[in-house]
Amino acid sequence: MMMANEVATYYRMEDGESISKIMLNGITWHETSVSATTDRGLQINKEVVVRIPPESMPGDFIPKADDMMVHGVCNLDVGCSDVSLISSGAVTVKSTADNTHGLGAHWELEAV
């Protein structure tokens, strides 16, 4: 499903230690289910593609792999465990692409 909405993003600051939280508005969240048969049986995973227009990006925020995102409002505080975030529906960013040059400018994030 695709929707223009908001996302709570938990990311590491430049020092690599502190974590910060930011709300991004006007993003597009596209979520699909992917299934595969493995030696352990059927495995179903969620894949998410997030597009963030430049006007929705705060000045100093640059998305990176291992950032965590929760679709919609998330009331968990900075410093909560990854387990708490995952139980709230968080996905982990695996790759980022800066497509901010040209028409339809945006950042594209792929997450699982």
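Before reading on, note that the structure itself is shown above.
Residues numbered from 1 in each chain as written. Predicted model: local features only at pLDDT ≥ 70, side-chain atom pairs only at ≥ 80, totals over all residues. Heavy atoms only, no water.

**Examining the environment of S84**
Note that S84 resides in helix α1 (residues 82-87). Here the alpha-carbon distance between S84 and G72, two residues 12 residues apart in the chain, equals 15 Å. (Helix = DSSP H or I, 4+ residues; strand = E, 2+ residues; numbered from the N terminus.)

**Notes on the nonpolar core**
Within soluble globular proteins, side chains that are nonpolar tend to cluster in buried spots. With 17 residues, the main nonpolar core has L24, I27, W29, V50, I52 and M69 as its most contacted residues. If you list the elements that add at least two residues to this core, you get β1 (2-12), β2 (19-38), β3 (41-52), β5 (91-99) and β6 (106-111). With four residues, the single largest contributor to this core is β2. Core analysis: the second largest hydrophobic core is formed by seven residues, Y10, V70, C74 and A90 among them. (Core = buried A, V, L, I, M, F, W, Y, C linked by side-chain atoms within 4.5 Å. Buried < 20%, exposed > 50% of the residue type's maximum accessible area, 1.4 Å probe, protein only.)

**Comments concerning a negative patch on the surface**
The grouping of E14, D15, E17 and D60 at the surface amounts to a negative patch. Summarising the element assignment, D60 is placed in the loop between β3 and β4 (68-71). We classify D60 as exposed; its relative accessible area is 66%. (Patch = residues over 30% accessible without salt bridge, like charges linked within 9 Å, V, L, I, M, F, W, Y side chains within 5 Å. Areas by Shrake-Rupley, 256 points an atom, 1.4 Å probe, with all protein chains shown as cover. Salt bridge = Lys/Arg side-chain N within 4 Å of Asp/Glu carboxyl O. Lys, Arg positive; Asp, Glu negative; His and termini not counted. Charge placed at Lys NZ, Arg CZ, Asp CG, Glu CD.)

**Here we look at the side chain of H106**
Assignment of secondary structure puts H106 in strand β6. The exposure class of H106 is buried, given its relative accessible area of 16%. Apart from residues lying up to four places away in sequence, H106 is in contact with R51, I52, P53, P54, A97, D98, N99 and T100. (Contact = heavy atoms within 4.5 Å.)

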